[in-house]
Amino acid sequence: MKEIRLAEPNYSVCRYIEETLAKHGFEAWLVGGSVRDLLIQGKLSDLDYTTDALPEKVQKIFPRTVPVGIKFGTILVLYKGQKVEVTTYRADADYEDGRRPNKVEYAKDLATDIKRRDFTVNGLAYSVTRKELRDHCGGLEDLEKKTLRTIGDPIARFTEDGLRPIRGCRIAAKLGFSVEDNTRKAMLACVSVTAKVAPERFYDEWRKTLRMKQKRAFWQNLLEAGIIGAFLPDIAVAFDKEHSAVLLRELDALHLKSMAAYAASLFYLLGVRDKETARRTMLDTKFPTAELKLALALLETPLLKIQDQPDRQTLKHHLAEVTRRDRGSHMRFFLDMGSATMRTKAFSTEAIRAFRDSCSRHFVSILRSREPMDTTDLAVNGTDIQQLGIHGRAVGEILERLRMTVVADPQANNRENLLRLAATN
Ligand code: ATP
Ligand code: MG
């Protein structure tokens, strides 16, 4: 095994946790995803500790704590601006219906705690002060073989918690590991358990792949395991051979900045054009309202009405129909979906690059120019129009017409000219 070297400030935090607990007669092990990432990437993602001290003890021993998950034995310890999750050894029992355990049972030893964890590569424990690695589940071997495998019988473990197959697909993708055969077969065998998992837990897993480079591998793993239907039942039929191939081809090249863009791209590439199906899928997956609204707006973006490579004025005209705040999102979505469509039609890489470069240049030029695009940019406002003796809905209609005039011709945006246009309307 390669030597573990922990950089500051993590080293000091780990020493603090381990030494403080040891002083009170308790053990402490860095555990789970943190050890996995430390071994693979040489750096820590988040700091997760497990200990034989009960949560109340952890709260007493450390001066600054937050009881973030006290029901599950987890206390957050704060130290020099760092956060460490400290969880008491657990032996999870009483899983009901493939969901989280009903009640938490604490355990006395590390080996028992490791057995309740999901995958062997997530079951390694490390003591920073003692430089000692504990492997109670064959995690090290699987780490070297780049294999994702459950701790214990996969069917039993997925029956306990139906989220694990989705976690498995995500973690294998993130690490570039392959899912071990029996583990993958069990994912399909337990698909009905996975289908019962609370949708917000799915959303969290999906969200965690937003910043992941290997998004394609995540979806490929879900498809290979045959469990898309449990994850996204409303659009499972859209994952036919042809559409899945397009989706997988494009995924890693997308410029996704939000879950809204992620979902909209997925719907678009899968050929899901029905707004209601998209809305239902996001409602069922507990998308935050703002993300849901933006995703639906992206799917209907006026930019996609552009047929050929647009000139500056055409692009500006369509951008002016989009809420100012969302123009960047619409632009990225348009470029991504436009490129995907061009690839489907066998355009050359150079042609696609030329399309992107030209549109991006126009976009930057339009934004920098500060040319008027919105009603609030007009040299007149509603009160000015009312003073012309115009009232009610007509005011908004006139402002909208003036806005279109100045989008076409920025020079037209002066007060005198606009008042004259409004009066003669
Ligand atoms: P990442 O942080 O990259 O999402 P992770 O493996 O660290 O992955 P966390 O959700 O941070 O995932 O969980 C920390 C550890 O807790 C895991 O490594 C695993 O040992 C354990 N764990 C998390 N969720 C489950 C679960 N549903 N069933 C069993 N063990 C779990
Ligand atoms: Mg983690």
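Owing to the predicted nature of the structure, the values given are computational and were not obtained by experimental measurement.

Cut-offs applied
- Residues numbered from 1 in each chain as written.
- Chains lettered and ligands numbered in written order.
- Predicted model: local features only at pLDDT ≥ 70, side-chain atom pairs only at ≥ 80, totals over all residues.
- Heavy atoms only, no water.
- Helix = DSSP H or I, 4+ residues; strand = E, 2+ residues; numbered from the N terminus.
- Rg over C-alpha atoms; globule rule 2.2 N^0.38 Å.
- Buried < 20%, exposed > 50% of the residue type's maximum accessible area, 1.4 Å probe, protein only.
- Contact = heavy atoms within 4.5 Å.
- Areas by Shrake-Rupley, 256 points an atom, 1.4 Å probe, with all protein chains shown as cover.
- Lys, Arg positive; Asp, Glu negative; His and termini not counted.
- Charge placed at Lys NZ, Arg CZ, Asp CG, Glu CD.
- Arc of directions from axis to C-beta.
- Pairing = 2+ DSSP bridges.
- Salt bridge = Lys/Arg side-chain N within 4 Å of Asp/Glu carboxyl O.
- Near = heavy atom within 4 Å.
- Polar contact = N/O pair within 3.5 Å; in protein donor to acceptor, adjacent residues only side chain to side chain.
- Axes fitted to C-alpha atoms, helices over the stretch in contact; angles between N-to-C directions.

Turning next to the overall build of the protein. Check the secondary structure of the protein and you find 22 helices and 11 strands. The globule rule puts the C-alpha radius of gyration for 425 residues at 22 Å, and the 28 Å found for the protein is more than 25% above it. The buried share of the protein, taken over its 425 residues, is 50%. Here the analysis covers contacts within the protein between residues at least 6 apart in sequence; of these, 67% occur between residues at least 24 apart. Of the accessible surface of the protein, which amounts to about 20900 Å², a share of 50% is contributed by carbon and sulfur atoms. Side chains of the protein give 69 positive and 58 negative charges; the mean places of these two sets differ by 3 Å.

This part takes up helix α15 (residues 275–284). Listing the buried residues of α15 in full gives T277, A278, T281 and M282. When α15 is viewed along its axis, its buried side chains cluster within an angular range of 130 degrees and face the same direction. K286 sits one or two residues past α15 and shows a positive phi near 60 degrees.

With that out of the way, let us pick up the environment of Q411. Within the secondary structure layout, Q411 lies in the loop between α21 (393–408) and α22 (415–423). Once the C-alpha coordinates of Q411 and E371 are considered, the two residues, 40 residues apart in sequence, prove to be 9.2 Å apart.

A separate point is the pairing of strand β5 (residues 82–88). In terms of residue burial, β5 counts as a mostly covered element, since 5 of its 7 residues are buried. Pairing geometry for strand β2 (residues 48–51) and β5, over 4 bridges, is parallel. When the sheet's bridge partners are listed, T50 is paired in β5 with T87. In this structure, strand β4 (residues 74–79) lies alongside β5, joined through 6 bridges in antiparallel fashion.

On to the pattern of salt bridges. Under the definition given, this model contains 34 salt bridges. A single network of salt bridges, built from pairs that share partners, joins R157, E160, D161, R164 and R201.

Here the focus is the site of ligand 1. Residues in contact with ligand 1 amount to 17 residues; listed here are only the nearest, G33, D161, R164, K174 and K208. Separating an oxygen atom of ligand 1 from a side-chain N or O atom of R170 is a distance of 3.0 Å. Looking at the shell around ligand 1, the elements with two or more residues in it are α2 (33–41), α7 (164–175) and α10 (199–208). At 5 residues, α7 tops the list of elements feeding residues into the shell around ligand 1.

Once that is clear, we can look at the sheet that holds strand β9 (residues 132–135). In space, the 7 strands of this open sheet follow the order β3-β4-β5-β2-β1-β8-β9, with mixed pairing throughout. Each edge of the sheet is formed by a strand with only one pairing partner; in this case those strands are β3 (65–69) and β9. Each strand of the sheet is rotated relative to its neighbour by a mean of 35 degrees, with strand direction disregarded. Bridging between strand β1 (residues 28–31) and β2 involves 3 bridges; their strand directions are antiparallel. Bridging across to β2, L30 finds its partner in Y49. Sheet strands touched by α2: β1, β2, β8 (124–127) and β9. Its angle to β1, the strand with the most contacts, is close to 65 degrees.

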